[in-house]
Amino acid sequence: MKLSNTLLVMAAATAIASCSNDKSENPPVPSDEAIAFNASAPLAPRSVITTGNLTDFRVTAFVDGKEYMNNVLVTKHGGSWTYTPTMYWPADKEVNFFSYAPGSGSGNAAHSDGKTDLTGFVNDGNTDLLYGVNMHESGEKTNMVTINFRHALSQIRFAFTRKTENPPIRVDVMKVDLVNILSQGDFNFPHETTSQGNKVVGEWSNQSVMTNPVIYSGPAVTLTDDPKQLLSSSYIFAVPQTLQPSEISGTGRKGSFVRALCAIYHEESGLKLWPTNSTPDRDEATGYGYLYFPLDASGSDGAIKTWDEGKAYRYNISIGVPKTSSAIQFDVTVDQYENFANPDLEN
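## Some words on the overall build of the chain
Helices and strands together make up the secondary structure of the chain, namely zero helices and 30 strands. Scored against the burial criterion, the 347 residues of the chain give a buried share of 50%. Pairs at least 24 apart in sequence give 75% of the contacts found in the chain among residues at least 6 apart. With the model as given, the accessible surface of the chain reaches about 15,900 Å², and the carbon-plus-sulfur share is 48%.

Here is the structure:
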């Protein structure tokens, strides 16, 4: 289902909210009670939208397949949600509501015949995206539309440690980025209420535009035995996608990777162990080298082939020097979890 032009680009200018109530469309006659909203979102670590920090969202509504509210901005004032102009419950009719957050900085809504999609979504890596659906609501049941939002994106985090060696090593990391990550896609709302009692989810399609987003870039950070999250760009959200299968051959690397620009030293003497002047992927300007970890590698829960909607992934990467080879090895575990109440790793 493809509908109108680009809906949602986080970097776009704020669109003017409007409410369609064109009498030529023969909208239902409103009742005496106004439509009111309440909203909740899942628990989550910081940087993620939750009930506590949700400040606005947008709503499109339909009655008998005809538009009744058009991408209306709903904002929080004190403990109440307000919007303008006020809309009223139609008499003897049910209303279907499609909502997404955040509502500010968004493009125009795309919808037709009672169906709403977010088309051409561009992920900036920094902004959480929520969606909520309320089907078959009516003023006879309640005047309050209680929206239970769900996370539309995947959350990703990376924690780095040095591998335990004898003698000990020092690992300095200057930059971390991702390689071959899809950054755009279309999102279709489910046509069931996203209530707390079910797990109905939306659907992503047409993921495209390969990017290499930077996770960390700054002064060199020395890894320790304790996990250290390297994050300067706040890139923790990704469009759900099938990760590109990793392949390393004589012609180079293919697939989706984490790439770290780092150097490894003998801790006591400070002598550099890696990279050498002849190391492939050595950065001439810094003297550091690039190490690659395939994102589809096996972890504690098996191979991670996809980043799924509403799930969070933490990659634990340990960097060390092997005993029998000059190549750098990774010890990798991947924690996959759906419960956003897990705490953040400290920097």
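## Overview of the nonpolar core
If you look at the biggest cluster of nonpolar residues, it comprises 33 residues, and the most contacted ones within it are F158 and W307. Listing elements by their share of this core, those giving two or more residues are β13 (154–162), β14 (169–179), β17 (214–222), β23 (257–266), β25 (289–294) and β29 (312–320). With residues up to four places along the chain from it excluded, the contact list for W307 reads S154, I156, L178, I181, A238, P240, Q241, L243, L295, Y313 and Y315. Residues A41, V59, Y68 and A101 belong to the second largest nonpolar core, which totals 25 residues.

## Focus on the environment of R259
Structurally, R259 can be placed in strand β23. Within polar-contact distance, the side chain of R259 engages the side chain of D177 at 2.8 Å.

## Some points on the sheet that holds strand β5 (residues 80–82)
Strand order in the open sheet formed by six strands is β5-β4-β3-β7-β10-β12, and the pairing between neighbours is antiparallel. Two strands bound the open sheet, and with one partner strand each, they are β5 and β12 (150–151).

## Brief notes about the confidence of the model for the chain
Per-chain confidence: the chain averages 80 in pLDDT, with 76% of residues scoring 70 or above. Averaged pLDDT values over the elements of the chain bottom out at 52 in strand β26 (residues 298–299) and peak at 96 in strand β20 (residues 241–242). Considering only residues more than four positions removed or in separate chains, one finds that residues 1–31, a stretch of pLDDT under 50, has 91 contacts. In the model, residues 341–347 has pLDDT below 50 throughout and makes 16 contacts with residues more than four positions away in sequence or in other chains.

## A closer look at the packing of aromatic side chains
Remark: the centre distance and the inter-plane angle together describe each pair of aromatic rings, the angle taken between the planes. Counted under the stated rule, the structure contains 16 aromatic pairs. Note on F57 and F149: the rings are 5.4 Å apart at their centroids and 65 degrees apart in plane angle, and the pair reads as edge-to-face. Linking F57 in strand β3 (residues 56–63) with F149 in the loop between β11 (144–148) and β12, this pair joins segments that are 92 residues apart in sequence. Summarising the burial analysis for this pair, F57 and F149 share the class buried.

## Observations concerning unusual backbone geometry
The amide bond that connects A101 to the next residue, P102, takes the cis arrangement and shows omega of 0 degrees. Mapped onto the elements, P102 comes out in the loop between β7 (95–101) and β8 (110–112). With omega at 0 degrees, the peptide bond leading from W274 into P275 counts as cis. Of note, P275 is situated in the loop between β24 (272–274) and β25. A positive phi is found at N206, a non-glycine position, where the angle reads about 55 degrees.

Here is what the cut-offs are and how they apply
- Residues numbered from 1 in each chain as written.
- Predicted model: local features only at pLDDT ≥ 70, side-chain atom pairs only at ≥ 80, totals over all residues.
- Heavy atoms only, no water.
- Helix = DSSP H or I, 4+ residues; strand = E, 2+ residues; numbered from the N terminus.
- Buried < 20%, exposed > 50% of the residue type's maximum accessible area, 1.4 Å probe, protein only.
- Contact = heavy atoms within 4.5 Å.
- Areas by Shrake-Rupley, 256 points an atom, 1.4 Å probe, with all protein chains shown as cover.
- Core = buried A, V, L, I, M, F, W, Y, C linked by side-chain atoms within 4.5 Å.
- Polar contact = N/O pair within 3.5 Å; in protein donor to acceptor, adjacent residues only side chain to side chain.
- Pairing = 2+ DSSP bridges.
- pLDDT = per-residue confidence, 0-100.
- Phe/Tyr/Trp six-rings, centres within 6.5 Å; stacked < 30°, edge-to-face > 60°.

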